[in-house]
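So you can see what is in the structure, the chains are spelled out below.
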Amino acid sequence: MLDQLIQTAKEQLAPQLEKIGVKQDQLGSVFNVAQESVTDGLKSEVAGGGLDSIFSMFNGQGGTGQSSSIVSSLSNGFVSSLISKLGFDQSMATKISALVIPFIMEKFAGSESGSAASPNDLADKLGFGDISGTLGNLLGGKDKGGDLLGGIGNLF
């Protein structure tokens, strides 16, 4: 699903990015970094307990405060990645992010991306797999994915 959102962004935003100074041969790299930044940012949000917020946003029910917080976090990560991975300066990276991240997240929260029946359904649509497995991996290894409480208990 994120692949489709990134492809749509690339098709629709390429002319605007070129107008602000992104070279045509840089566009592919910019959108690869955008996909990586959005994916990593959403995974980080999930790991931090924000799956319900992402689920609400995806289903068009997100409050503006939490949504803008997520978008801001994704934008900051994208700017940092554009600087470190592609060598853009702060000003250009900020301009690129201001176009790309809000566009992607608007599409993410819009009706064209569909809806999810549950947070696990959303995790599957995003390609994150079983969310309990993801959380289990974060808490101590794949073997604890099926036993989330066991993974939490092993932290103490």
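Please refer to the structure placed before this passage.
As the structure is a computational prediction, the values presented were derived from the model and not from experiment. Throughout, residues of each chain are indexed from 1 in the direction in which the sequence is written. For this predicted model, a pLDDT threshold of at least 70 governs which residues receive local features, and a threshold of 80 or more governs which side-chain atom pairs are given and counted, while totals over whole chains, interfaces and linings are taken from all residues. To get the side-chain values, take all heavy atoms of the structure and skip hydrogens and water.

Student: Please clarify how the environment of Gln26 should be interpreted in this entry.
Tutor: Think of it this way: any DSSP run of H or I at least four residues long counts as a helix, any run of E at least two long counts as a strand, and we number them from the N terminus. Note that Gln26 resides in the loop between helix H1 (2-19) and helix H2 (27-47). Distance in space between the C-alpha atoms of Gln26 and Leu86 is 8.6 Å, their sequence separation being 60 residues. When checking whether two residues touch, look at their non-hydrogen atoms; a contact exists if any pair is within 4.5 Å. Other than its neighbours up to four places away in sequence, Gln26 contacts Gly21 and Phe88.

Student: Help me understand the packing of H1 against helix H5 (residues 90-109) in this model?
Tutor: Note on geometry: axes are lines fitted to C-alpha atoms, helical ones only across the stretch in contact, with angles between N-to-C directions running from 0 to 180 degrees. The geometry of H1 relative to H5 is characterised by a closest axis approach of 10 Å and an angle of 145 degrees between their N-to-C directions. For the element pair H1 and H5, the recorded crossing hand is right-handed. On H5, the residues that touch Leu5, Ile6, Thr8, Ala9, Gln12, Leu13, Gln16 and Leu17 of H1 are Ile96, Leu99, Val100, Phe103, Ile104, Lys107 and Phe108. The residue makeup of the contact of H1 with H5, split by class, is 11 nonpolar, three polar and one charged. For a crossing to be left-handed, the near helix must be turned anticlockwise from the far one by less than a right angle; the clockwise case is right-handed. When residues are grouped by polarity, Ala, Val, Leu, Ile, Met, Phe, Trp, Tyr, Cys and Pro land in nonpolar, Asp, Glu, Lys and Arg in charged, and all others, Gly among them, in polar.

Student: Got a minute to help me understand the environment of Ala116 in this structure?
Tutor: Mapped onto the elements of the fold, Ala116 is located in the loop between H5 and helix H6 (119-125). Partly exposed describes any residue whose relative accessible area lies between the buried limit of under 20% and the exposed limit of over 50%, with all areas from a 1.4 Å probe on protein chains only and scaled to the type maximum. For Ala116, a relative accessible area of 8% puts it in the buried group. Counting along the chain gives 58 residues from Ala116 to Phe58, while the straight-line C-alpha distance between them is 7.5 Å. In contact with Ala116, not counting residues within four places along its chain, are Phe55, Phe58, Asn59, Asp121, Leu122 and Lys125.

Student: I would appreciate a short explanation of helix H3 (residues 51-58) in the present structure.
Tutor: The periodicity of an α-helix, 3.6 residues per turn, causes residues three or four positions apart to be oriented the same way. Looking only at H3, the buried set comprises Leu51, Ile54, Phe55, Met57 and Phe58. Taken down its axis, H3 places every buried residue within 165 degrees of arc, on the same side. Looking one or two residues beyond H3, the residue adopting positive phi is Gly60, at roughly 75 degrees. Comment: arc refers to directions from the helix axis out to C-beta atoms.

Student: Would you take a moment to explain the side chain of Thr39 for this structure?
Tutor: Inspection of the secondary structure assignment puts Thr39 in helix H2. In this structure, Thr39 is in contact with Leu2 and Phe128, ignoring residues within four places of it in sequence.

Student: Would you mind going over the pattern of salt bridges with me for this structure?
Tutor: Pairing is possible between side chains of opposite charge, provided their charged atoms come close. We count a salt bridge whenever a side-chain nitrogen from Lys or Arg sits within 4 Å of a carboxyl oxygen from Asp or Glu. On inspection of all chains with the given rule, the structure shows one salt bridge. Salt-bridge contacts for Glu36 lead to Lys85; the nearest nitrogen and oxygen are separated by 1.9 Å. With Glu36 in helix H2 and Lys85 in helix H4 (residues 64-86), this pair connects stretches of sequence that are 49 residues apart. You can call Glu36 partly exposed: its relative accessible area is 35%. Look at Lys85 and you get partly exposed, because its relative accessible area is 47%.

Student: Looking at this model, I keep getting lost on the nonpolar core. Mind explaining?
Tutor: When a protein is soluble and globular, its nonpolar side chains tend to lie buried together. Think of a nonpolar core as a cluster: buried Ala, Val, Leu, Ile, Met, Phe, Trp, Tyr and Cys residues, connected wherever their side-chain atoms sit within 4.5 Å. Grouped together as the largest cluster of nonpolar side chains are 41 residues, with contacts concentrated most on Leu42, Phe78, Ile96, Val100, Met105 and Phe108. Among the elements of the structure, H1, H2, H3, H4, H5 and H6 are those that each provide at least two residues to this core. Ranked by residues supplied to this core, first place goes to H5 with nine residues. Once you skip the residues sitting within four places of it in the chain, Leu42 turns out to touch Ile54, Ile70, Leu74, Met105, Phe108, Leu126 and Phe128.

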